[in-house]
Amino acid sequence: MLASGIPASGFAAQYNLGPPQTPIASQIYDLHTFILTICVVIFVLVFGVMFYSIFKHRKSVGHKAANFHENTTVEVIWTIVPFLILMGMAIPATKTIIAMKDTSNPDLTIKATGYQWKWGYDYIKGEGDLAGVSDGISFYSNLSTPLEQIYGKNVVKSDNYLLEVDEPLVVPINKKVRILITANDVIHAFWVPAFGVKQDAIPGFIRDTWFKVDTPGTYRGQCAELCGKEHGFMPIVVVAMEADKYREWAAKQKVKYAAPATEAAAAPVAVADAKPAGPVDGKRVYEGLCQVCHMAGVANAPKAGDKVAWGPRIKQGIGTLHQHAVKGYNLMPAKGGNPALSDAQVHAAVDYIVGLAK
Ligand code: HEC
Ligand SMILES: [Cu+2]
């Protein structure tokens, strides 16, 4: 993939912080560089003066020690200069800390739960323009490095040894993602260095943090709190993708979990409160259910608004389309997977979709 949280080679990659991928991580990176520079300058100045004085005023060249007390000017200077240096470091650092803690107005909220020894992710319903897209998605993320690589002798280790999982955390780029962090057994810690995110996961408490990823890619982190014998075996892998791809991923994910238990999974609010009698709002039914597949074209569902895909279907006649949507048609589940819908509601949604393709 494009970038990795833990860089592979090169001098800078070996000794410096990894390349930052979020605004907060960039601030942390810059602060680190800035403060390290100040430290180096102070180090050079202090030791420079010290070694110069020792060398220049040594006894063997016959130097006589000066004997003086209380120099007000010097005392004022060595109080004010360190004060200014400290303020110069504290002010930008505090700004960054405040920004790190500001989890307000997210586009998306995900709960990350630490378990011995894996992470669980729940996409939560809430505020933000991506709230409805992925809410309800929930899965565990397990280490996928094979056991032979860990315990076997003379086994070649993969590139992302112990930093790979079966189901990564998927997030959209350029969106504010809030992570609620907790744990189910002992204290873990959610750490993704490239995002500048590191937060303890404490049983019974919720902590939160946020990030906004700049570029699509795969980013890797780890549990950063010694949590038991497989502490090193619960990595965090985050895949960041464009918002469109993210919607597509979310739709597929929803279908995956919706398929076996159609009734339970596919009864969104919009449908539940639509009255069976009276005019039916096809748009609401569409947005509540059908768009999961028809917006992104999941499983070859004809995309809403795609004239080429819908043209020949519309030619079958609206009656046939109504029937296919109610009864099911190949991969198109009957009533979109929600038997609680009335025929009229499904018909209205079909009419709405057909309207989009005209
Ligand atoms: C689980 C994903 C999924 C959901 C949810 C879904 N569809 Fe579909 N739909 C499909 C797929 C896949 C096809 C393409 C079927 C084919 O042509 O083989 C399809 C095709 C259709 C067609 C065209 C049928 C034809 O004769 O060509 C209509 C109309 C339709 N869907 C309406 C709806 C409506 C209305 C809803 C909401 C109530 C809905 N769909 C929800 C997956 C879905
Ligand atoms: Cu842990």
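One can find the structure itself at the top, above this paragraph.
Calculation notes
Residues numbered from 1 in each chain as written. Chains lettered and ligands numbered in written order. Predicted model: local features only at pLDDT ≥ 70, side-chain atom pairs only at ≥ 80, totals over all residues. Helix = DSSP H or I, 4+ residues; strand = E, 2+ residues; numbered from the N terminus. Rg over C-alpha atoms; globule rule 2.2 N^0.38 Å. Buried ≥ 20, exposed ≤ 12 C-beta atoms within 10 Å, placed from the backbone. Contact = placed C-beta atoms within 7 Å. Pairing = 2+ DSSP bridges. Axes fitted to C-alpha atoms, helices over the stretch in contact; angles between N-to-C directions. Parallel < 35°, antiparallel > 145°, perpendicular 65-115°, else oblique. Nonpolar A, V, L, I, M, F, W, Y, C, P; charged D, E, K, R; others polar. Left-handed = near helix turned anticlockwise from the far one by under 90°.

A. Local environment of the overall build of the chain. Looking only at helices and strands, one finds 12 helices and 10 strands in the chain. Relative to a compact globule of 358 residues, whose C-alpha radius of gyration would be 21 Å, the chain shows 29 Å and is clearly more extended. Every one of the 358 residues in the chain was classed for burial, and the buried ones make up 29%. Put simply, 63% of the contacts in the chain that link residues at least 6 apart link residues at least 24 apart.

B. A look at the sheet that holds strand 9 (residues 217-223). Strand order in the open sheet formed by five strands is 4-10-9-6-7, and the pairing between neighbours is mixed. This sheet does not close on itself; its edge strands, each paired only once, are strand 4 (169-172) and strand 7 (197-201). Averaged over neighbouring strand pairs, the angle between their axes works out to 25° when direction is ignored.

C. Quick peek at the packing of helix 9 (residues 282-294) against helix 12 (residues 343-356). In the contact formed by helix 9 and helix 12, the axes pass within 9 Å of each other and the chain directions differ by 70°. One way to sum up the angle between helix 9 and helix 12 is to call them roughly perpendicular. Every residue of helix 12 that contacts helix 9 at Gly-282, Lys-283, Val-285, Tyr-286, Cys-290 and His-294 is listed here: Gln-345, Ala-348, Ala-349, Asp-351, Tyr-352 and Ile-353. Partitioned by chemical class, the residues of the contact of helix 9 with helix 12 number seven nonpolar, three polar and two charged.

D. Focus on the packing of helix 11 (residues 318-327) against helix 12. In the contact formed by helix 11 and helix 12, the axes pass within 9 Å of each other and the chain directions differ by 125°. Viewed along their axes, helix 11 and helix 12 adopt a mutual orientation that is oblique. Taken as a pair, helix 11 and helix 12 cross one another with a handedness that is right-handed. Here Ile-318, Leu-321, His-322, Ala-325 and Val-326 of helix 11 come into contact with helix 12, specifically with Asp-343, Val-346, His-347, Val-350 and Val-354. Here the residues of the contact of helix 11 with helix 12 sort into seven nonpolar, two polar and one charged.

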